[in-house]
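Structural description and commentary
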Amino acid sequence: MILSQILGGKGGALAKKAAISSEATAGKISIRDVSIVYDPEGARVVAVDGCSLEIPAGEFCVIVGPSGCGKTTLLNAIAGFHGVSSGEIYMDDQLLCSPEMTTEPGADRIVVFQNGALFPWKTVLDNVTFGPLIQGRMTRKEAREAGHELLLQMGLSGISHRYPSEISGGMRRRVEIARAMMNDPKVLLLDEPFRAMDALTKTVIQKYLLDVYDASNKTVFFITHDLEEAIFLGTRVIVVTSRPAQVKKVINIEIPRPRDFRVLSSEYYRHLKEETLEAVHEEAQKAFEAGEREMA
Amino acid sequence: MERDELDKSIEAQSLAEQGTQPTLPEEEREPLTWEIMFSRIKYALRTSAPYLGVVGLLSTLLAYWLLTEVIKAPLFDKVPGPVAVASEWFSHHPMFRISIYSGIYYKHIWASCWRIIQAFTLATVLGVPLGLFMGWKKVFKDYTFPFFELIRPIPMLAWVPLAILMFPGYEASVIYVTFLGAFFVTTLNTLLGVESIDEVYFRAARCLGSRPRHLFFHVIVPGALPFIFTGLQISMGYSWFCLVAGEMIAGKYGLGYLIWNAYMEFQEPVLIIAMITLGFLGWFSSALIRLVARRLMQWQVREIAG
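The sections below set out a description of the structure shown in this document. Given the structure is predicted, the values throughout are model-derived calculations rather than measurements.

1. Focus: the nonpolar core
By size, the foremost hydrophobic cluster in this structure holds 137 residues, and its most contacted members are Ile31, Phe60, Ile89, Phe221 and Phe222 of chain A together with Val219 of chain B. The leading source of residues in this core is helix 10 (residues 212–249) of chain B, at 13 residues. Setting aside chain neighbours within four positions, we find phenylalanine 60 of chain A in contact with Leu209, Leu210, Tyr213, Val220, Phe222, Leu233, Gly234, Thr235, Arg236 and Arg257 of chain A.

2. Here's the deal with the sheet that holds strand 8 (residues 219–224) of chain A
Residues and elements named next belong to chain A. An order of 6-7-8-3-9-10 is seen for the 6 strands of this open sheet, with the pairing classed as mixed. The two strands at the open ends of the sheet, each matched to only one other strand, are strand 6 (109–112) and strand 10 (247–252). Sheet twist, expressed as the mean angle between neighbouring strand axes with direction ignored, is 20°. Two elements, strand 3 (residues 60–64) and strand 9 (residues 236–240), share 4 bridges in a ladder whose sense is parallel. The partner of valine 64 across the bridge, within strand 9, is valine 239.

3. Structural notes on the sheet that holds strand 5 (residues 94–97) of chain A
Two modes of strand pairing occur in sheets, parallel and antiparallel, and in both the strands are linked by backbone hydrogen bonds. Residue and element names in this part refer to chain A. Here we have 4 strands laid out as an open sheet, ordered 2-1-4-5, and antiparallel in their pairing. In this open sheet, the two strands that pair with only one neighbour each are strand 2 (45–55) and strand 5. Each neighbouring strand pair of the sheet contributes to a mean axis angle of 30°, computed without reference to strand direction. Pairing of strand 4 (residues 86–91) with strand 5, which is carried by 3 bridges, proceeds in the antiparallel orientation. Within the sheet, the bridge partner assigned to isoleucine 89 lies in strand 5 and is cysteine 97.

4. A word on the pairing of strand 9 of chain A
All names here are of chain A. Across the 5 residues that make up strand 9, a large majority, 5, are buried. Burial along strand 9 is two-sided: Arg236, Ile238 and Val240 and Val237 and Val239, pointing in opposite directions, are all buried. Here strand 9 pairs with strand 10 via 5 bridges, running antiparallel. Within strand 10, the position partnered with valine 240 by the bridge is valine 247. Between strand 9 and the antiparallel strand that follows it, strand 10, lie 6 residues.

About the cut-offs
Residues numbered from 1 in each chain as written. Chains lettered and ligands numbered in written order. Predicted model: local features only at pLDDT ≥ 70, side-chain atom pairs only at ≥ 80, totals over all residues. Heavy atoms only, no water. Core = buried A, V, L, I, M, F, W, Y, C linked by side-chain atoms within 4.5 Å. Buried < 20%, exposed > 50% of the residue type's maximum accessible area, 1.4 Å probe, protein only. Helix = DSSP H or I, 4+ residues; strand = E, 2+ residues; numbered from the N terminus. Contact = heavy atoms within 4.5 Å. Pairing = 2+ DSSP bridges. Axes fitted to C-alpha atoms, helices over the stretch in contact; angles between N-to-C directions.

Set out below in structure tokens:
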């Protein structure tokens, strides 16, 4: 709510300086019949198999599935960390990867990692200004000003000269989201970003992410295996099968935004949770049994 | 909800729209390095560690004195005791010309230090970039690493005769052997440092638009620093080891030469003086590296302090 007031105003000071735009015009992700196979010559581990998914620009799309089911593999392919074995991934009708080519990772689709990846040797401000500086989009002075302003707006100004090791885990995650937003990405890719957090910190930071999302309307590709988180954050929840990952069920979450924690106790929410749980539980069971066989 | 925060944000926004720089909230001042050090010393003096250290040193000295000069125990009967050493070391008219008042003592010290400075600097200037490069370019590492693994296990003493053959004069050969010792340690630790960097930082940097040179300067170099400095500490110790070995065999000045010469000429107190001096110099040079490391790696200093 706070952020939307600050960031959302079209043509607002921040929207210009830190390059945050509020209209979702770009960032459509289209995954077409993608398969990803590790070690195709030898062990042939099929991580993703025939997965198709359309994510419209500006959607908060949450992927839910059992551990080790290939969700992260899919995210890595979108990010450009590795290629696909068959099928294509497009962003705004521009080919990102196919079996023949993989587009290098870039600032148009930024990953927020599971365990955090702020550079420990850079201060919070230097982390946030890193993107625009090395891309040559801003001078040092401009970047520092924009960075200061963004941190101020995101409620992080008091820690701009601290090192990541000096601030709490929740703060670090907020800084990492700020670092991503500094680059005005088309897509935010979040790989179980709140996994290692305690329940209380998690609720605070989820609300924070929602504020950022409501203000910027970026496309978000969010991986989790926490169902409450998935329903609370997402516009759509995609349940994927245990490895190899395929789309099992798509659940539309019709809770109006901006959302707050009151929705967590509503009847509609409980109904959605049951529906999701049913779909996920089956897959979790399969994954568990497959795990047992592998062990034996 | 969060009334205050909301007010503050709105205030900041209106300021920003007026075109004035929003005033940053008063940040608490970061402690300076010397302040951190001072507070750490103050803290250390409140614990028992420094006092126990002093007691330990004094009792060792006492035992040394008892063994050598009072009881004259077997094995220790030829070792000069603390009184004999001190009466040479702090004398205005030392019997063997080696005391804190004699110029020749400092000449030996300086000869050793100067060789260490040259060899260590050369090893660092060559070893760190080489290690970084080996870690950065896999192909380059594949070329060079087997060679390193073959050369490294050769004890440095084995290099001395070859060094004397290769270089004109003793000076260059002693420095060469010292350099070699430090060089391998520095290079391999730097390589290890690069390889220890978590892959996630490379990925994050690439996501943010890094080209290879950005990866090098913003991820590889700072990421490897902790290992580089561990390597430099080890390399400094190894330099002194190689230096003394080299000086014992070749050279006219230096603490290694002094020790060997004192042994040959039955100047036992000088032997002990030179050994203790080496101990002090080794400790001092190591502390110097730690100091530079703290300067360059503020993020680790703060982590410990905070």
